[in-house]
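Report on the structure
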Amino acid sequence: MGRRVLVTGGAGYIGSHTLVALQEAGFEAVVIDSLCNSSEVALQRVQAISGKPIRFYRGDIRNRKLLGQIFTENAIHAVIHFAGLKAVGESSQKPIDYYQSNVSGSLVLLEAMQAFGVKQLVFSSSATVYGSEAPVPYVETLQTGRTSNPYGTSKWMVEQVLRDAAAANPELSVALLRYFNPVGAHPSGLIGEDPQGIPNNLLPYIAQVAVGKRNELSIFGDDYPTPDGTCLRDYLHVVDLAIGHVRALEWLADKSGAEAFNLGTGRGTSVLEIVRAFEQASGVTVPYRLSPRRAGDLPAFWADASKAKCELGWVANLGLEQMMADTWRWQSKNPHGYGAVATNK
Ligand code: NAD
Ligand code: UD1
(Lines give C-alpha, C1' and ligand atoms only; values in the text may rest on other atoms or scores of the structure.)
(Ligands and ions follow the chains in the order given, each with its own letter.)
Protein backbone atom coordinates (compact mmCIF):
# COMPACT_ATOMS: atom_id res chain seq x y z
CA MET A 1 0.00 0.00 0.00
CA GLY A 2 1.24 3.47 -0.84
CA ARG A 3 1.83 5.70 2.16
CA ARG A 4 1.38 9.24 0.84
CA VAL A 5 -2.02 10.81 1.43
CA LEU A 6 -3.44 14.13 0.27
CA VAL A 7 -5.52 15.69 3.04
CA THR A 8 -7.83 18.46 1.85
CA GLY A 9 -8.81 20.82 4.68
CA GLY A 10 -5.97 19.42 6.78
CA ALA A 11 -5.51 22.62 8.79
CA GLY A 12 -9.06 22.37 10.15
CA TYR A 13 -10.35 20.83 13.37
CA ILE A 14 -10.80 17.20 12.30
CA GLY A 15 -8.12 17.41 9.60
CA SER A 16 -5.36 18.46 12.00
CA HIS A 17 -6.15 15.59 14.40
CA THR A 18 -6.25 13.18 11.49
CA LEU A 19 -2.80 14.34 10.37
CA VAL A 20 -1.43 13.28 13.76
CA ALA A 21 -3.12 9.88 13.49
CA LEU A 22 -1.85 9.40 9.94
CA GLN A 23 1.72 10.21 10.89
CA GLU A 24 1.53 7.92 13.92
CA ALA A 25 0.38 5.13 11.58
CA GLY A 26 3.34 5.71 9.25
CA PHE A 27 1.61 7.67 6.48
CA GLU A 28 3.07 10.78 4.90
CA ALA A 29 0.70 13.72 4.61
CA VAL A 30 0.39 16.42 1.98
CA VAL A 31 -2.14 19.15 2.79
CA ILE A 32 -4.18 21.54 0.66
CA ASP A 33 -6.14 24.15 2.60
CA SER A 34 -7.32 27.64 1.72
CA LEU A 35 -7.18 28.59 5.44
CA CYS A 36 -10.65 30.13 5.00
CA ASN A 37 -11.64 28.65 8.37
CA SER A 38 -8.32 27.71 9.94
CA SER A 39 -4.77 28.75 10.71
CA GLU A 40 -1.41 27.53 9.48
CA VAL A 41 -0.40 27.45 13.17
CA ALA A 42 -2.44 24.24 13.44
CA LEU A 43 -0.07 22.59 10.95
CA GLN A 44 2.97 23.81 12.88
CA ARG A 45 1.49 22.31 16.03
CA VAL A 46 0.82 18.99 14.31
CA GLN A 47 4.47 18.89 13.27
CA ALA A 48 5.47 19.70 16.85
CA ILE A 49 3.41 16.74 18.10
CA SER A 50 4.63 14.23 15.54
CA GLY A 51 8.11 15.55 14.85
CA LYS A 52 7.45 14.84 11.17
CA PRO A 53 7.13 17.28 8.27
CA ILE A 54 3.95 18.05 6.36
CA ARG A 55 4.03 19.43 2.86
CA PHE A 56 1.50 22.28 2.72
CA TYR A 57 -0.11 23.95 -0.30
CA ARG A 58 -2.23 26.97 0.50
CA GLY A 59 -5.13 27.19 -1.95
CA ASP A 60 -8.63 26.24 -2.88
CA ILE A 61 -9.62 22.72 -3.94
CA ARG A 62 -11.47 24.27 -6.88
CA ASN A 63 -8.12 25.44 -8.26
CA ARG A 64 -7.52 22.80 -10.96
CA LYS A 65 -4.03 24.04 -11.72
CA LEU A 66 -2.94 23.77 -8.10
CA LEU A 67 -4.42 20.28 -7.76
CA GLY A 68 -2.54 19.26 -10.92
CA GLN A 69 0.67 20.62 -9.42
CA ILE A 70 0.11 18.72 -6.16
CA PHE A 71 -0.57 15.41 -7.90
CA THR A 72 2.43 15.95 -10.20
CA GLU A 73 4.84 16.83 -7.40
CA ASN A 74 3.75 14.11 -4.98
CA ALA A 75 3.10 10.41 -5.52
CA ILE A 76 -0.31 10.51 -3.86
CA HIS A 77 -2.05 7.16 -3.43
CA ALA A 78 -5.18 8.24 -1.53
CA VAL A 79 -7.13 11.36 -0.60
CA ILE A 80 -8.92 12.26 2.62
CA HIS A 81 -11.35 15.02 1.77
CA PHE A 82 -12.28 17.36 4.63
CA ALA A 83 -12.26 20.71 2.81
CA GLY A 84 -15.61 22.45 2.77
CA LEU A 85 -17.89 24.86 4.57
CA LYS A 86 -19.74 23.50 7.60
CA ALA A 87 -21.94 26.08 9.35
CA VAL A 88 -25.53 24.87 9.15
CA GLY A 89 -27.18 28.26 9.77
CA GLU A 90 -24.88 30.10 7.37
CA SER A 91 -25.62 27.54 4.65
CA SER A 92 -29.23 28.73 4.52
CA GLN A 93 -28.03 32.34 4.09
CA LYS A 94 -25.36 31.51 1.51
CA PRO A 95 -26.49 28.33 -0.25
CA ILE A 96 -24.56 29.04 -3.45
CA ASP A 97 -21.30 29.36 -1.54
CA TYR A 98 -22.00 26.05 0.16
CA TYR A 99 -22.84 24.18 -3.04
CA GLN A 100 -19.85 25.80 -4.76
CA SER A 101 -17.35 24.85 -2.10
CA ASN A 102 -18.74 21.49 -1.04
CA VAL A 103 -20.20 20.09 -4.27
CA SER A 104 -18.19 21.82 -7.03
CA GLY A 105 -15.05 21.50 -4.93
CA SER A 106 -15.56 17.75 -4.61
CA LEU A 107 -16.16 17.44 -8.36
CA VAL A 108 -12.95 19.27 -9.22
CA LEU A 109 -11.04 17.07 -6.77
CA LEU A 110 -12.58 13.92 -8.24
CA GLU A 111 -11.66 14.98 -11.78
CA ALA A 112 -8.07 15.59 -10.72
CA MET A 113 -7.93 12.20 -8.96
CA GLN A 114 -9.21 10.56 -12.13
CA ALA A 115 -6.70 12.41 -14.32
CA PHE A 116 -3.81 11.32 -12.10
CA GLY A 117 -5.02 7.77 -11.46
CA VAL A 118 -5.66 8.18 -7.72
CA LYS A 119 -8.26 5.62 -6.74
CA GLN A 120 -8.92 5.80 -3.01
CA LEU A 121 -10.97 8.44 -1.28
CA VAL A 122 -12.23 9.00 2.25
CA PHE A 123 -15.00 11.59 2.36
CA SER A 124 -16.21 13.60 5.39
CA SER A 125 -19.93 13.10 5.42
CA SER A 126 -22.26 13.69 8.34
CA ALA A 127 -25.07 12.16 10.35
CA THR A 128 -27.09 15.07 8.97
CA VAL A 129 -27.64 13.07 5.73
CA TYR A 130 -30.20 10.92 7.61
CA GLY A 131 -32.51 13.93 7.80
CA SER A 132 -35.34 14.59 10.21
CA GLU A 133 -37.51 11.50 9.68
CA ALA A 134 -35.03 8.73 10.44
CA PRO A 135 -35.59 6.44 13.48
CA VAL A 136 -32.77 6.15 16.03
CA PRO A 137 -30.24 4.72 16.25
CA TYR A 138 -29.21 5.68 12.74
CA VAL A 139 -28.01 2.73 10.70
CA GLU A 140 -26.30 3.01 7.30
CA THR A 141 -29.09 1.18 5.47
CA LEU A 142 -31.65 3.90 6.28
CA GLN A 143 -32.83 6.08 3.47
CA THR A 144 -30.96 9.39 3.34
CA GLY A 145 -31.61 12.75 1.77
CA ARG A 146 -34.46 14.35 3.71
CA THR A 147 -32.03 17.06 4.69
CA SER A 148 -33.27 20.37 6.02
CA ASN A 149 -30.51 22.82 5.06
CA PRO A 150 -28.08 23.38 2.16
CA TYR A 151 -25.12 22.15 4.21
CA GLY A 152 -26.77 18.77 4.79
CA THR A 153 -27.97 18.60 1.21
CA SER A 154 -24.46 19.32 -0.07
CA LYS A 155 -23.10 16.35 1.93
CA TRP A 156 -25.88 14.12 0.60
CA MET A 157 -25.25 15.27 -2.98
CA VAL A 158 -21.53 14.51 -2.77
CA GLU A 159 -22.34 11.05 -1.39
CA GLN A 160 -24.49 10.41 -4.49
CA VAL A 161 -21.79 11.71 -6.84
CA LEU A 162 -19.22 9.44 -5.22
CA ARG A 163 -21.50 6.39 -5.37
CA ASP A 164 -22.13 7.00 -9.08
CA ALA A 165 -18.43 7.57 -9.77
CA ALA A 166 -17.50 4.36 -7.94
CA ALA A 167 -20.22 2.39 -9.75
CA ALA A 168 -18.86 3.57 -13.11
CA ASN A 169 -15.23 2.88 -12.24
CA PRO A 170 -14.52 -0.43 -10.48
CA GLU A 171 -11.00 0.77 -9.66
CA LEU A 172 -12.32 3.57 -7.46
CA SER A 173 -12.92 2.87 -3.78
CA VAL A 174 -14.63 5.35 -1.49
CA ALA A 175 -15.43 5.45 2.22
CA LEU A 176 -18.25 7.83 3.14
CA LEU A 177 -17.69 8.55 6.82
CA ARG A 178 -20.78 9.86 8.56
CA TYR A 179 -19.58 11.65 11.67
CA PHE A 180 -21.84 12.17 14.64
CA ASN A 181 -20.78 14.96 17.07
CA PRO A 182 -16.98 15.28 17.24
CA VAL A 183 -15.68 17.03 20.37
CA GLY A 184 -12.48 17.18 22.42
CA ALA A 185 -8.93 17.90 21.40
CA HIS A 186 -5.53 16.24 21.22
CA PRO A 187 -4.36 15.42 24.78
CA SER A 188 -1.25 17.59 24.30
CA GLY A 189 -3.50 20.68 24.33
CA LEU A 190 -1.66 21.90 21.23
CA ILE A 191 -4.45 21.44 18.68
CA GLY A 192 -8.21 21.73 19.03
CA GLU A 193 -11.35 23.34 17.70
CA ASP A 194 -10.98 27.06 17.00
CA PRO A 195 -14.31 28.44 15.78
CA GLN A 196 -14.41 31.90 14.23
CA GLY A 197 -16.87 34.25 15.95
CA ILE A 198 -19.70 32.97 18.13
CA PRO A 199 -19.57 29.17 18.26
CA ASN A 200 -22.57 27.32 16.82
CA ASN A 201 -21.75 24.03 18.46
CA LEU A 202 -22.24 23.10 22.09
CA LEU A 203 -18.75 22.18 23.32
CA PRO A 204 -16.87 25.20 21.92
CA TYR A 205 -19.57 27.41 23.44
CA ILE A 206 -19.29 25.77 26.87
CA ALA A 207 -15.49 25.99 26.72
CA GLN A 208 -15.64 29.71 25.90
CA VAL A 209 -18.03 30.34 28.81
CA ALA A 210 -15.70 28.42 31.12
CA VAL A 211 -12.69 30.46 30.04
CA GLY A 212 -14.61 33.72 30.56
CA LYS A 213 -15.03 34.74 26.92
CA ARG A 214 -18.83 34.43 27.10
CA ASN A 215 -21.17 35.05 30.02
CA GLU A 216 -23.44 32.04 29.96
CA LEU A 217 -24.58 29.12 27.90
CA SER A 218 -28.08 29.09 26.44
CA ILE A 219 -29.52 25.59 26.57
CA PHE A 220 -31.79 25.36 23.57
CA GLY A 221 -34.93 23.66 24.87
CA ASP A 222 -35.66 21.64 28.01
CA ASP A 223 -39.07 20.34 26.91
CA TYR A 224 -37.96 17.63 24.48
CA PRO A 225 -39.27 14.07 24.95
CA THR A 226 -35.97 12.95 26.53
CA PRO A 227 -35.14 11.91 30.14
CA ASP A 228 -34.14 15.43 31.26
CA GLY A 229 -35.91 17.38 28.51
CA THR A 230 -32.70 18.44 26.70
CA CYS A 231 -31.55 16.98 23.36
CA LEU A 232 -29.50 13.80 23.10
CA ARG A 233 -26.49 13.55 20.78
CA ASP A 234 -23.73 11.04 20.11
CA TYR A 235 -20.56 12.93 21.12
CA LEU A 236 -17.31 11.27 20.09
CA HIS A 237 -13.69 12.19 20.78
CA VAL A 238 -11.96 13.77 17.78
CA VAL A 239 -8.91 11.55 18.40
CA ASP A 240 -11.11 8.46 17.99
CA LEU A 241 -12.62 10.02 14.88
CA ALA A 242 -9.14 10.69 13.48
CA ILE A 243 -8.18 7.03 13.96
CA GLY A 244 -11.36 6.10 12.09
CA HIS A 245 -9.86 7.75 9.00
CA VAL A 246 -6.72 5.63 9.26
CA ARG A 247 -8.87 2.48 9.57
CA ALA A 248 -10.90 3.58 6.54
CA LEU A 249 -7.73 4.11 4.48
CA GLU A 250 -6.49 0.65 5.39
CA TRP A 251 -9.90 -0.83 4.52
CA LEU A 252 -9.95 0.91 1.11
CA ALA A 253 -6.70 -0.70 0.01
CA ASP A 254 -8.31 -3.84 -1.46
CA LYS A 255 -11.89 -2.67 -2.04
CA SER A 256 -13.94 -1.20 -4.83
CA GLY A 257 -17.20 0.72 -4.69
CA ALA A 258 -18.51 3.27 -2.20
CA GLU A 259 -19.48 2.33 1.37
CA ALA A 260 -20.95 4.47 4.13
CA PHE A 261 -19.87 4.10 7.77
CA ASN A 262 -21.28 5.75 10.87
CA LEU A 263 -18.57 7.00 13.20
CA GLY A 264 -20.07 7.50 16.65
CA THR A 265 -20.08 5.87 20.08
CA GLY A 266 -23.59 4.45 19.87
CA ARG A 267 -24.65 6.39 22.98
CA GLY A 268 -26.79 9.49 23.40
CA THR A 269 -25.87 12.15 25.98
CA SER A 270 -28.04 15.11 26.94
CA VAL A 271 -27.02 18.76 26.95
CA LEU A 272 -27.36 18.89 30.75
CA GLU A 273 -25.22 15.76 31.13
CA ILE A 274 -22.56 17.43 28.98
CA VAL A 275 -22.61 20.57 31.13
CA ARG A 276 -22.20 18.49 34.30
CA ALA A 277 -19.44 16.34 32.80
CA PHE A 278 -17.57 19.43 31.64
CA GLU A 279 -17.86 21.06 35.09
CA GLN A 280 -16.56 17.91 36.72
CA ALA A 281 -13.60 17.57 34.36
CA SER A 282 -12.62 21.24 34.47
CA GLY A 283 -13.57 22.17 38.02
CA VAL A 284 -15.19 25.30 36.55
CA THR A 285 -18.87 26.18 36.91
CA VAL A 286 -20.68 26.84 33.63
CA PRO A 287 -23.54 29.28 34.15
CA TYR A 288 -26.47 28.51 31.88
CA ARG A 289 -29.93 29.71 31.03
CA LEU A 290 -32.78 27.53 29.77
CA SER A 291 -33.80 29.05 26.43
CA PRO A 292 -36.28 28.29 23.65
CA ARG A 293 -35.59 25.49 21.21
CA ARG A 294 -33.25 26.20 18.28
CA ALA A 295 -34.98 25.89 14.91
CA GLY A 296 -34.08 22.69 13.09
CA ASP A 297 -32.79 20.76 16.15
CA LEU A 298 -33.83 17.12 16.45
CA PRO A 299 -34.71 15.78 19.93
CA ALA A 300 -32.34 12.81 19.88
CA PHE A 301 -30.06 10.86 17.59
CA TRP A 302 -27.10 8.55 17.94
CA ALA A 303 -25.24 6.05 15.82
CA ASP A 304 -25.50 2.37 15.29
CA ALA A 305 -21.75 2.05 14.86
CA SER A 306 -21.61 -1.73 14.42
CA LYS A 307 -20.70 -1.63 10.73
CA ALA A 308 -17.54 0.38 11.45
CA LYS A 309 -16.67 -2.12 14.18
CA CYS A 310 -17.21 -5.20 11.97
CA GLU A 311 -15.70 -3.92 8.73
CA LEU A 312 -13.16 -1.28 9.74
CA GLY A 313 -12.26 -2.75 13.11
CA TRP A 314 -12.97 0.69 14.60
CA VAL A 315 -14.63 1.57 17.89
CA ALA A 316 -14.69 4.81 19.83
CA ASN A 317 -12.57 4.15 22.91
CA LEU A 318 -12.44 7.49 24.69
CA GLY A 319 -15.22 8.38 27.11
CA LEU A 320 -17.02 11.56 28.09
CA GLU A 321 -14.59 12.41 30.87
CA GLN A 322 -11.63 12.38 28.47
CA MET A 323 -13.58 14.41 25.87
CA MET A 324 -14.32 17.09 28.47
CA ALA A 325 -10.83 17.11 30.04
CA ASP A 326 -9.18 17.47 26.63
CA THR A 327 -11.59 20.21 25.52
CA TRP A 328 -10.74 22.12 28.68
CA ARG A 329 -6.99 21.60 28.36
CA TRP A 330 -7.06 22.98 24.80
CA GLN A 331 -9.32 25.93 25.65
CA SER A 332 -7.54 26.95 28.85
CA LYS A 333 -4.08 26.75 27.26
CA ASN A 334 -5.27 28.58 24.13
CA PRO A 335 -8.03 30.96 25.24
CA HIS A 336 -7.89 32.71 21.88
CA GLY A 337 -7.42 29.59 19.83
CA TYR A 338 -4.62 29.85 17.29
CA GLY A 339 -5.20 33.62 17.04
CA ALA A 340 -2.95 34.60 19.92
CA VAL A 341 -0.09 32.29 20.64
CA ALA A 342 -0.75 29.96 23.52
CA THR A 343 0.51 30.23 27.04
CA ASN A 344 1.97 26.74 26.89
CA LYS A 345 4.84 27.50 24.55
P1 NAD B 1 -13.04 22.98 9.64
O2 NAD B 1 -13.73 24.17 9.09
O3 NAD B 1 -12.25 23.12 10.89
O4 NAD B 1 -12.08 22.35 8.52
C5 NAD B 1 -12.34 22.48 7.15
C6 NAD B 1 -11.07 22.98 6.50
O7 NAD B 1 -11.27 23.10 5.09
C8 NAD B 1 -10.65 24.36 7.01
O9 NAD B 1 -9.28 24.30 7.35
C10 NAD B 1 -10.89 25.29 5.82
O11 NAD B 1 -9.95 26.35 5.79
C12 NAD B 1 -10.74 24.35 4.65
N13 NAD B 1 -11.51 24.70 3.45
C14 NAD B 1 -12.82 25.01 3.38
N15 NAD B 1 -13.19 25.19 2.10
C16 NAD B 1 -12.08 24.98 1.35
C17 NAD B 1 -11.83 24.99 -0.05
N18 NAD B 1 -12.80 25.25 -0.92
N19 NAD B 1 -10.59 24.70 -0.48
C20 NAD B 1 -9.59 24.41 0.41
N21 NAD B 1 -9.77 24.40 1.74
C22 NAD B 1 -11.01 24.66 2.20
O23 NAD B 1 -14.13 21.83 9.81
P24 NAD B 1 -14.04 20.42 10.53
O25 NAD B 1 -14.90 20.47 11.72
O26 NAD B 1 -12.64 20.00 10.66
O27 NAD B 1 -14.78 19.52 9.45
C28 NAD B 1 -14.09 18.83 8.44
C29 NAD B 1 -15.09 18.17 7.52
O30 NAD B 1 -15.94 17.30 8.29
C31 NAD B 1 -16.02 19.14 6.81
O32 NAD B 1 -16.25 18.67 5.51
C33 NAD B 1 -17.29 19.07 7.61
O34 NAD B 1 -18.43 19.39 6.86
C35 NAD B 1 -17.30 17.61 8.04
N36 NAD B 1 -18.06 17.38 9.27
C37 NAD B 1 -17.73 18.07 10.40
C38 NAD B 1 -18.46 17.85 11.57
C39 NAD B 1 -18.15 18.60 12.83
O40 NAD B 1 -18.93 18.56 13.76
N41 NAD B 1 -17.01 19.29 12.94
C42 NAD B 1 -19.51 16.92 11.57
C43 NAD B 1 -19.80 16.23 10.40
C44 NAD B 1 -19.06 16.46 9.26
C1 UD1 C 1 -25.00 20.48 14.44
C2 UD1 C 1 -25.54 20.56 13.03
C3 UD1 C 1 -25.18 19.30 12.28
C4 UD1 C 1 -23.68 19.07 12.31
C5 UD1 C 1 -23.24 19.01 13.77
C6 UD1 C 1 -21.74 18.85 13.87
C7 UD1 C 1 -27.54 21.95 13.37
C8 UD1 C 1 -29.02 22.00 13.30
N9 UD1 C 1 -26.97 20.77 13.10
O10 UD1 C 1 -25.60 19.40 15.06
O11 UD1 C 1 -25.61 19.38 10.95
O12 UD1 C 1 -23.35 17.86 11.67
O13 UD1 C 1 -23.61 20.23 14.41
O14 UD1 C 1 -21.32 18.68 15.17
O15 UD1 C 1 -26.87 22.93 13.62
N16 UD1 C 1 -26.90 23.48 22.10
C17 UD1 C 1 -27.27 24.32 23.13
N18 UD1 C 1 -26.66 25.53 23.22
C19 UD1 C 1 -25.70 25.95 22.35
C20 UD1 C 1 -25.32 25.07 21.30
C21 UD1 C 1 -25.94 23.85 21.20
O22 UD1 C 1 -28.14 23.97 23.93
O23 UD1 C 1 -25.19 27.08 22.48
C24 UD1 C 1 -27.53 22.15 22.01
C25 UD1 C 1 -28.27 21.93 20.70
O26 UD1 C 1 -29.61 22.32 20.83
C27 UD1 C 1 -28.11 20.41 20.54
C28 UD1 C 1 -26.80 20.08 21.22
O29 UD1 C 1 -26.50 21.19 22.04
O30 UD1 C 1 -29.13 19.78 21.24
C31 UD1 C 1 -25.66 19.89 20.23
O32 UD1 C 1 -25.62 21.01 19.37
P33 UD1 C 1 -24.48 21.19 18.25
O34 UD1 C 1 -23.15 21.07 18.87
O35 UD1 C 1 -24.80 22.44 17.50
O36 UD1 C 1 -24.67 19.91 17.33
P37 UD1 C 1 -25.98 19.38 16.54
O38 UD1 C 1 -27.13 20.27 16.74
O39 UD1 C 1 -26.15 17.96 16.89
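Below or above, wherever it landed, is the structure these notes cover.

Reading the values: rules and limits
Residues numbered from 1 in each chain as written. Chains lettered and ligands numbered in written order. Predicted model: local features only at pLDDT ≥ 70, side-chain atom pairs only at ≥ 80, totals over all residues. Heavy atoms only, no water. Near = heavy atom within 4 Å. Polar contact = N/O pair within 3.5 Å; in protein donor to acceptor, adjacent residues only side chain to side chain. Areas by Shrake-Rupley, 256 points an atom, 1.4 Å probe, with all protein chains shown as cover. Helix = DSSP H or I, 4+ residues; strand = E, 2+ residues; numbered from the N terminus. Nonpolar A, V, L, I, M, F, W, Y, C, P; charged D, E, K, R; others polar. Buried < 20%, exposed > 50% of the residue type's maximum accessible area, 1.4 Å probe, protein only. Core = buried A, V, L, I, M, F, W, Y, C linked by side-chain atoms within 4.5 Å. Contact = heavy atoms within 4.5 Å.

Moving on to the site of ligand 1. Around ligand 1, 27 residues are found, and the nearest of them are Ile 14, Asp 33, Asn 37, Ser 38 and Tyr 151. The separation between a nitrogen atom of ligand 1 and a polar main-chain atom of Ser 34 is 3.1 Å. Surface burial for ligand 1 is 95%, taken as the share of its 820 Å² of free accessible area covered by protein chains. Per-element accounting of the shell around ligand 1 gives the leading share, three residues, to strand β5 (residues 120-126). Of the residues in the shell around ligand 1, the class split is 11 nonpolar, 11 polar and five charged.

A separate point is the environment of Phe 116. Considering the arrangement of structural elements, one finds Phe 116 in the loop between α5 (95-115) and β5. By relative accessible area, Phe 116 is classed as partly exposed at 39%. Here the alpha-carbon distance between Phe 116 and Phe 56, two residues 60 residues apart in the chain, equals 19 Å.

With an omega of -5°, the peptide bond running from Val 136 to Pro 137 counts as cis. Checked against the element boundaries, Pro 137 lands in the loop between β5 and α6 (150-168). Unlike most non-glycine residues, Leu 35 shows phi in positive territory, near 65°. You can see Leu 35 is positioned in the loop between β2 (28-33) and α2 (40-50).

Turning our eyes to something else, we now look at the nonpolar core. Soluble globular proteins tend to bury their nonpolar side chains together. Grouped together as the largest cluster of nonpolar side chains are 51 residues, with contacts concentrated most on Leu 19, Leu 177, Phe 180 and Leu 249. Sorting elements by how many residues they give to this core places helix α8 (residues 238-252) first, with eight residues. Residues in contact with Phe 180, not counting those within four places in the same chain, are Ala 127, Tyr 130, Tyr 138, Asp 234, Leu 236, Asn 262, Leu 263, Gly 264, Phe 301, Trp 302 and Ala 303. Listed in part, the 29 residues of the second largest apolar core include Ile 70, Phe 71, Ala 112 and Ala 260.

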